[in-house]
Amino acid sequence: MIIPFGLCSGTPFNAGGSAPSFALGTSEPHVQAALRDLLLPGHVFYDIGANVGFHTVLGARRVGSQGRVYSFEPLPGNVQALRHNLCLSGSLNVSVLPCAVADRPGTAMLTPGREPFWARLSTLPPPPGARAVISVRCWSIDELVRRGQIELPHVVKIDVEGAELEVLHGMADTLHEARPTIVCEIHDSGQETRGFLTSAGYTVQPLPSRSRSRRAGSRHIIAVSTKAS
């Protein structure tokens with residue numbers, strides 16, 4: 001279908017078995033607004049925990065042909081849907097990395113849930129409707145940057161169902177060098193995540209939202225560097 005609302009309106013998109021709000025364009029309007037304001041033509045954007053690609057497509061629109069989007073997603077069904085949506089939208093400035101992002105390279109066990117956006121690493125509490133675990137490849141952002149496989153980012157979106165701190169630990173060098181702005185979904189109190197970002201030289205604020213989160217106990221923050229890149 002064609003997305004009727006939001007910043008991706010007019011774009012062909014198939015949410016498949018994921019959240020219908022993706023296909024409607026109404027998913028997380030506060031996150032959409034933040035990305036609209038942060039992403040500029042020519043920017044590099046990381047979509048970490050891309051699901052079926054809604055924010056990836058949005059980012060590709062915003063950064064334009066001179067920019068680049070790196071879309072990270074470990075669940076095979078989501079990766080297939082993500083690639084399909086990139087074809088539908090004609091987004092040629094996106095690189096899909098079918099992996100989990102963690103604090104070190106390796107492998108990990110992923111527990112899919114009843115909904116495609118609920119998959120979690122098996123080190124975390126199981127998601128609603130947990131299914132049989134699968135093995136997925138893991139990479140740290142710092143390692144991928146060192147290998148030259150990804151460019152340094154201007155903006156990073158993180159939505160990894162409770163593994164935010166592991167993602168950030170694995171991109172500590174990248175944060176130090178590039179100083180990207182971060183939009184991150186946090187779970188529970190998020191105290192450790194906030195503490196890590198503060199110690200890394202970031203000001204951390206809640207991302208205002210007029211709507212309830214899709215899951216109790218989750219909400220978004222925006223972290224802005226207090227140092228020049």
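If you're wondering where the values come from, they're calculated on a predicted model, not measured in any experiment.

> Before we move on, can you summarise helix H4 (residues 76-89) with the specific residues and values?
Helical geometry: 3.6 residues make up each α-helical turn, so side chains three or four residues apart lie on a common side. Across its 14 residues, H4 extends 20 Å between first and last C-alpha, which sits within 8% of the 20 Å expected from 1.5 Å per residue. Those residues of H4 that sit buried are Asn-78, Val-79, Leu-82, Asn-85 and Leu-86. On an axial view of H4, the arc spanned by its buried residues comes to 125°, and they lie on one face. Seen from the buried face of H4, the exposed residues on the opposite side, beyond 90 degrees, are Pro-76, Gln-80 and Cys-87. Looking at the packing, one finds that the buried side of H4 touches helix H3 (54-63), strand S2 (68-72) and strand S3 (94-97). Of the residues flanking the end of H4, it is Gly-90, one or two places downstream, whose phi is positive at about 70°.

> Residue-level account of the environment of Ile-2, with values.
Secondary-structure assignment places Ile-2 in the segment before helix H1 (20-24). C-alpha of Ile-2 to C-alpha of Asn-14: the two residues are twelve residues apart in sequence and 8.4 Å apart in space. Contact partners of Ile-2, with chain neighbours within four places excluded, come to Gly-10, Thr-11, Pro-12 and Ala-23.

> Could you give an account of the pattern of salt bridges, naming the residues involved and the relevant values?
Within the structure shown, the criterion is met by six salt bridges. Here Arg-146 makes a salt bridge to Glu-143, at a shortest N to O gap of 3.2 Å. Here Glu-143 and Arg-146 lie together in helix H5 (residues 141-146), a separation of three residues that amounts to about one turn. Look at Arg-146 and you get exposed, because its relative accessible area is 55%. Two residues, Arg-146 and Asp-173, come together in a salt bridge whose shortest N-O distance is 3.5 Å. With Arg-146 in helix H5 and Asp-173 in helix H7 (residues 172-178), the pair connects residues that are 27 residues apart, well separated along the chain. On the accessibility criterion, Asp-173 (48% relative accessible area) is partly exposed. Overlapping salt bridges bring together Glu-143, Arg-146, Arg-147 and Asp-173 as one network.

The rules behind the values
- Residues numbered from 1 in each chain as written.
- Predicted model: local features only at pLDDT ≥ 70, side-chain atom pairs only at ≥ 80, totals over all residues.
- Heavy atoms only, no water.
- Helix = DSSP H or I, 4+ residues; strand = E, 2+ residues; numbered from the N terminus.
- Expected span 1.5 Å × (residues − 1).
- Buried < 20%, exposed > 50% of the residue type's maximum accessible area, 1.4 Å probe, protein only.
- Arc of directions from axis to C-beta.
- Contact = heavy atoms within 4.5 Å.
- Salt bridge = Lys/Arg side-chain N within 4 Å of Asp/Glu carboxyl O.

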